[in-house]
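# Understanding the architecture of this molecule
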Amino acid sequence: MSEITVFTARRIITMDESLPDATAIAVRGDRIVEVGTLESLQPWLRHHEHVVDDRFADQVMIAGLIDPHIHPSLMAILLNCDWLPPEPWDLPSGRVDAPEGKDEFLARVGDLHTSKPANEPLVIFGYHAQYHGWIERNDLDAISTERPVVLWQRSFHEVRANTAALEWLDAAEGASWDPHIDLESGRMYESGMVWALRTLNPHLLGNGQYKSALGDVSTLIHRGGITSMCDAGFGIGGYDQDYDTYDAVLGQQKTPFRTYLMPQIAAAKGRWKSDTLEQLEAWAAERGNGRISFIKAAKILADGAFIAQLMVLGEPGYIDGHQGAWLTEPERLVHLMQPFWEAGYDLHIHCNGDIGVGASLDAVETLLHAHPRVDHRTTLHHFGISTQAQIRRIKALGVEISANGYYLYQFGDRFADEWLGTERASQMTRLGAAERAGVSVSLHSDLPMGPAAPLLAAQACATRRTRGGVVMGEPERLSLDTALRSITIDAAYQLRLDHEIGSLAAGKLADVTVLADDPYAVGADAVADIAVIATIVGGEVYPLA
Amino acid sequence: MTVLGGWLGAGKTTLLNRMLAHADERIAVVVNDIGEINVDAALISAADDEIVELTNGCVCCSIGQSLALTLRELTLRDPRPERIVIEASGVADPVQVAAYGDRRRVPLDAVITLADAGTFERRARLDPYGPLVKAQVAGADLVVATKLDLLNSDAATAGLESIRTVSAAPVIEASTDPEWIRRVILGSHQPARRVDYTPAPPVTGISTHTWRTTGPVDVTRLTAALEHSGLLRAKGTLTAPDNTLLVHLAGDRVEITTITDHALDALVLIGTSDAVVTAAAHALDRISSS
Ligand SMILES: [Zn+2]
């Protein structure tokens with residue numbers, strides 16, 4: 001075998017401003033030797049044995065796509081459920097289309113019930129009251145009184161159960177301890193959901209199901225053209241169980257992408273009660289291999305989730321007057337972040353409402369005063385609702401944004417109608433302002449919250465066109481160029497991996513995504529339609545069927 | 001179970017540390033951050049593993065833990081803690097926190113909210129937190145006004161007044177007296193079985209009186225006499241026509257349950273002044289004499 005392989009393409013989008021365009025890329029081992037044209041590569045090729053691999057000569061290459069925020073363990077749990085989501089999904093088992101309205105939803109639950117072996121619990125993911133109407137215990141009892149039927153909400157924060165399922169989940173005992181379990185309606189939400197997971201978790205992940213589902217998650221990530229992803233919140237399923245399963249599935253040399261693990265602070269505190277950071281570091285030092293590495297970054301969650309509408313909003317609040325929730329109270333943020341901050345970790349803060357964003361920025365400012373740092377790369381994740389003033393403050397504090405590229409696309413119009421009103425819903429994930437201010441932006445899926453499809457995220461943020469076809473908040477569009485940077489080099493920068501991945505240049509890892517068409521040529525409106533032909537990771541080609 | 005509420009900086013941790021230092025029972029604590037607990041004090045009344053950090057019960061953060069599960073696990077411990085104290089977060093409504101726990105296995109002693117007398121009025125006006133700051137005080141059974149020592153007397157009076165306008169429950173001034181912690185905060189002062197007991201030592205700022213009766217009492221009239229009596233605490237066992245009543249008052253909340261034990265026919269009454277306690281004792285005399 002030759003020392004150097006030269007891949008050729010119709011166009012190579014390097015995402016490196018010094019040499020943005022190329023048609024040939026030479027790879028030795030897992031690294032790039034040089035990017036350019038077959039002619040410009042000659043000084044290397046004259047001196048070294050090489051082969052030209054022109055199978056992608058008619059295709060377009062782009063620096064390997066990066067999803068900086070994925071939850072493989074959560075997606076693995078959900079892949080062992082049946083799916084009836086409010087939007088169509090491409091799953092390893094095939095395409096799931098979306099039932100419309102309550103009747104169709106319940107009919108589909110009924111179909112699943114008749115097609116399954118008797119009395120095996122039926123756990124269905126994707127229920128969303130705004131799309132499927134109000135469904136509770138009685139409706140599900142009408143489908144079966146014997147088989148446990150559980151609807152897991154699309155927001156991930158709630159299940160609704162029939163009588164048999166309430167029994168299966170030991171919900172009566174749970175209800176005597178937890179006010180968020182309501183037996184009458186069969187609802188178990190927020191902390192009540194944690195009670196349900198005592199039964200759901202082993203049911204869905206036991207008997208080797210975790211490993212096989214994680215293999216399916218891996219297929220989805222590959223399909224998205226992703227060559228590197230970060231588990232932004234590693235440890236939520238338990239550090240040891242998660243690592244061992246990841247190691248067995250994602251750690252294999254044949255895995256078509258790199259996995260970076262960003263420990264979640266609260267989960268780490270649960271695992272190592274005292275000296276959390278020291279113990280976590282000692283534990284992580286013994287782990288990681290060619291495909292899996294720990295990064296010197298840590299995740300913390302400020303206010304509640306976007307899809308569940310539990311983000312903490314300032315004036316004028318939610319249309320229906322409900323309140324958001326804190327996952328980490330403002331007073332605790334600094335406390336939990338401080339040891340990591342002082343040890344030089346980059347902090348990645350989940351925040352969704354403008355009050356959540358504000359509390360996160362307050363915490364960063366406090367830490368900056370207490371223990372000044374340069375190049376801290378603190379990143380706000382999801383970034384649902386914010387203000388222009390916060391964009392200015394983000395800039396001033398040297399903070400970056402990793403936005404959910406899917407919120408507006410999927411939920412923009414619905415959330416305007418019932419929760420946020422038009423002005424604020426139109427300005428969710430305010431990225432145009434960030435681009436104008438020169439703030440670094442990356443886009444993520446938060447899989448399973450959105451699909452692992454960086455090209456869709458880029459399209460959605462560059463057009464701000466929802467799935468329903470409405471354009472919302474045009475001034476907050478990203479330019480197509482920034483949108484593509486946000487799924488490549490800028491995502492790498494935020495993970496402090498931009499010296500290794502995110503762009504194509506001599507010496508960097510040879511990670512490439514091969515596309516059927518050129519995003520710049522098709523334009524922002526059609527980027528998501530471009531087929532992913534293959535990925536190349538460390539010089540190794542992983543074709544997509 | 002006791003829930004401590006109040007805005008950030010109101011003094012919850014300070015009070016919690018004092019409770020741990022002066023309690024004569026074994027306490028398990030559920031706190032926001034273990035780092036804030038004075039472990040030396042804690043060791044007196046709580047074993048090391050009885051200090052539990054509260055993890056938020058959201059599935060996004062931690063799949064395995066919630067307050068409900070934590071409380072349940074604490075009650076299953078051997079030996080079982082005699083009291084659980086939860087330090088609610090500064091942005092939580094302590095009444096919502098108190099909704100956790102099986103009341104049959106973890107009776108609620110009191111929701112105690114601390115309010116910084118110097119900043120309460122301003123905070124209560126500040127959006128978006130103002131309504132929450134007020135709700136923390138409005139929902140409490142007892143309100144402890146803190147940081148009065150930092151204010152001149154006019155400001156202290158104004159501070160207390162601003163808290164009182166929001167609170168339906170008695171508002172009392174914080175004290176460092178160990179007896180005050182035991183009687184008012186922990187409500188652990190029990191009536192003595194014998195009449196010729198040594199009276200409890202006096203405590204600045206509160207008045208204690210043991211009210212005794214001989215005959216059976218009527219629950220409805222008893223409840224009416226205790227409600228809005230202005231008492232901070234009342235505790236004891238009384239004879240009812242068919243059973244024994246366990247009487248528990250914490251500020252605004254009266255709880256009367258039936259038990260099978262023999263009654264002591266006595267209530268310890270604790271109030272802010274002799275006048276309050278005497279008035280309450282008279283009201284009780286009236287219900288047992290008629
Ligand atoms: Zn996430």
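All figures in this text were calculated on a predicted structure; none of them were measured in a lab. (Residues numbered from 1 in each chain as written. Chains lettered and ligands numbered in written order. Predicted model: local features only at pLDDT ≥ 70, side-chain atom pairs only at ≥ 80, totals over all residues. Heavy atoms only, no water.)

Let's shift gears to the overall build of chain A. Looking only at helices and strands, one finds 22 helices and 25 strands in chain A. Each principal axis of the C-alpha distribution contributes one length, and for chain A these read about 75 × 55 × 50 Å. In chain A, buried positions account for 63% of the 545 residues. In chain A, the proportion of contacts linking residues at least 24 apart, taken out of those at least 6 apart, comes to 73%. Of the side chains in chain A, 44 bear a positive and 73 a negative charge, and the two mean positions are spaced by 2 Å. (Helix = DSSP H or I, 4+ residues; strand = E, 2+ residues; numbered from the N terminus. Buried < 20%, exposed > 50% of the residue type's maximum accessible area, 1.4 Å probe, protein only. Contact = heavy atoms within 4.5 Å. Lys, Arg positive; Asp, Glu negative; His and termini not counted. Charge placed at Lys NZ, Arg CZ, Asp CG, Glu CD.)

All names here are of chain A. Those donors, His-69 (NE2), His-71 (NE2) and Asp-446 (OD), are the protein atoms that reach the zinc ion, and they lie 2.1 to 2.3 Å from it. Sequence positions of the donors to the zinc ion reduce to the motif H-x1-H-x374-D. Assigned by exposure class, His-69 and His-71 land together as buried. (Donors = N, O, S within 2.8 Å, 3.2 Å for Na, K, Ca; no water.)

Residue and element names in this part refer to chain B. When the domains of chain B are assigned, the result is domain 1 (2–185) and domain 2 (207–289). Counting residues at the interface gives 14 residues for domain 1 and 13 residues for domain 2. With both chains or domains summed, domain 1 and domain 2 bury close to 1000 Å², and 52% of this area falls on carbon and sulfur atoms. Here domain 1 is connected to domain 2 by two salt bridges. As a salt-bridge pair, Arg-233 and Asp-109 come within 2.8 Å of each other at their nearest N and O atoms. At the level of elements, β5 (110–116) and α8 (178–185) are the ones that each hand at least two residues to the side of domain 1 that touches domain 2. Among the elements that make up the side of domain 1 that touches domain 2, the one with the highest residue count is α8 (three residues). Considering only residue class, the side of domain 1 that touches domain 2 consists of 11 nonpolar, no polar and three charged. (Domains from an automatic or database assignment. Buried area = accessible area lost by both parts, 1.4 Å probe. Salt bridge = Lys/Arg side-chain N within 4 Å of Asp/Glu carboxyl O. Nonpolar A, V, L, I, M, F, W, Y, C, P; charged D, E, K, R; others polar.)

Before going further, it helps to examine the sheet that holds strand β11 (residues 149–153) of chain A. Where strands meet in a sheet, backbone hydrogen bonds hold them as pairs that are either parallel or antiparallel. All names here are of chain A. With mixed pairing, six strands are arranged side by side in an open sheet as β7-β10-β11-β12-β14-β13. Pairing within the sheet leaves two strands with one partner each, and these edge strands are β7 (82–83) and β13 (181–182). Bridging between strand β10 (residues 122–127) and β11 involves five bridges; their strand directions are parallel. Across the sheet, residue Leu-122 finds its bridge partner in β11, namely Val-149. (Pairing = 2+ DSSP bridges.)

Residues and elements named next belong to chain A. Tallying each qualifying case throughout the model produces three cavities of 30 Å³ or more. Taken as a whole, the second largest cavity spans an internal volume of roughly 80 Å³. If you trace the second largest cavity, you find it lined by Ile-66, Asp-67, Gly-405, Tyr-406, Leu-443, His-444, Ser-445, Pro-451, Ala-453, Pro-454, Leu-456 and Ala-457. For the lining of the second largest cavity, the secondary structure elements donating two or more residues are β6 (65–70), β22 (441–444) and α19 (454–463). Here the lining of the second largest cavity gets three residues from one element, more than from any other, and that element is α19. Considered class by class, the residues forming the lining of the second largest cavity number eight nonpolar, three polar and one charged. (1 Å grid on protein atoms, 1.4 Å probe; cavity = no way out; pocket = protein on both sides within 12 Å on 5 of 7 lines; lining within 4 Å. Points joined across faces, edges and corners; volume = space filled by probe spheres on them.)

With that settled, consider the side chain of His-376 of chain A. Residue and element names in this part refer to chain A. Inspection of the secondary structure puts His-376 in the loop between α14 (354–370) and β20 (379–382). Here Thr-378 takes part through its side chain, which lies 2.7 Å from a polar atom of the side chain of His-376. With sequence-adjacent residues up to four places away left out, His-376 is seen in contact with Trp-341, Asp-346, Val-364, Leu-368, Leu-397, Gly-398, Val-399 and Arg-496. (Polar contact = N/O pair within 3.5 Å; in protein donor to acceptor, adjacent residues only side chain to side chain.)

Now for the nonpolar core. Counting residues in hydrophobic clusters, the biggest one holds 193 residues, and the most contacted among them are Ile-25, Met-61, Trp-152 and Leu-420 of chain A. Residues in contact with Met-61 of chain A, not counting those within four places in the same chain, are Phe-7, Thr-8, Ala-9, Arg-11, Ile-12, Ile-13, Ile-25, Phe-56, Val-512, Thr-513, Val-514 and Ile-536 of chain A. Grouped together as the second largest cluster of nonpolar side chains are 28 residues, Ala-10, Leu-232, Ala-250 and Ile-270 of chain B included. (Core = buried A, V, L, I, M, F, W, Y, C linked by side-chain atoms within 4.5 Å.)

This next bit is on the pairing of strand β10 (residues 244–250) of chain B. Residue and element names in this part refer to chain B. Of all the seven residues making up β10, six are buried; the element is thus mostly covered by neighbouring parts of the structure. Of the pairings in the sheet, the one linking strand β9 (residues 233–239) to β10 comprises seven bridges and is antiparallel in character. The partner of Thr-237 across the bridge, within β10, is Leu-246. Between β9 and the antiparallel strand that follows it, β10, lie four residues. Here seven bridges tie β10 to strand β11 (residues 253–259), and the two strands are oriented antiparallel to one another.

All names here are of chain B. Tracing the backbone through its elements, the reader meets Asp-141 in the loop between α6 (130–138) and β6 (142–146). Taking relative accessible area as the criterion, Asp-141 reaches 7% and is therefore assigned buried. Only 2.8 Å separates the side chain of Asp-141 from the backbone nitrogen of Val-111, close enough to count as a polar contact. Within polar-contact distance, the side chain of Asp-141 engages the side chain of Arg-253 at 3.0 Å. Ignoring anything within four residues of it in the chain, the contact list for Asp-141 reads Ala-110, Val-111, Ala-169, Pro-170, Ala-250, Gly-251, Asp-252 and Arg-253.

Looking now at the sheet that holds β6 of chain A. All names here are of chain A. If you trace the four strands from one edge of the open sheet to the other, you get β6-β15-β16-β17, paired in parallel fashion. Strands with a single pairing partner mark the edges of an open sheet, and in this sheet they are β6 and β17 (292–294). Geometrically, the sheet is characterised by an average inter-axis angle of 20 degrees between neighbouring strands, direction not taken into account. Where strand β16 (residues 258–263) lies against β17, three bridges are found, and the strand directions are parallel. (Axes fitted to C-alpha atoms, helices over the stretch in contact; angles between N-to-C directions.)

What follows is about the packing of helix α9 (residues 209–223) of chain A against helix α10 (residues 239–249) of chain A. Residue and element names in this part refer to chain A. The interhelical angle for the contact between α9 and α10, taken along N-to-C directions, is 55 degrees, at an axis separation of 10 Å. Taken together, the axis directions place α9 and α10 in an arrangement best described as oblique. The handedness of the crossing between α9 and α10 is right-handed. Listed contacts from α10 to Tyr-210, Lys-211, Leu-214 and Gly-215 of α9 are Gln-241, Asp-242, Thr-245, Tyr-246, Ala-248 and Val-249. (Parallel < 35°, antiparallel > 145°, perpendicular 65-115°, else oblique. Left-handed = near helix turned anticlockwise from the far one by under 90°.)

For the rest of this paragraph, the subject is the packing of aromatic side chains. Residue and element names in this part refer to chain A. Evaluated as defined, the whole model comprises 20 aromatic pairs over all chains. Centre to centre, the rings of Trp-283 and Phe-294 are 6.0 Å apart; their planes meet at 80 degrees, and the pair counts as edge-to-face. Of the two residues, Trp-283 sits in helix α12 (residues 276–285) while Phe-294 sits in strand β17, which places them 11 residues apart along the sequence. Residue Trp-283 is classed as buried on the basis of its relative accessible area, which comes to 8%. Judged by relative accessible area, Phe-294 falls into the partly exposed class, the value being 21%. Aromatic side chains Tyr-406 and Tyr-409 sit 5.7 Å apart centroid to centroid with 45 degrees between the ring planes, which places their arrangement in the tilted category. Among the aromatic residues, those joined into a ring-pair cluster are Phe-234, Tyr-239, Tyr-243, Tyr-246, Trp-272, Trp-283 and Phe-294. (Phe/Tyr/Trp six-rings, centres within 6.5 Å; stacked < 30°, edge-to-face > 60°.)

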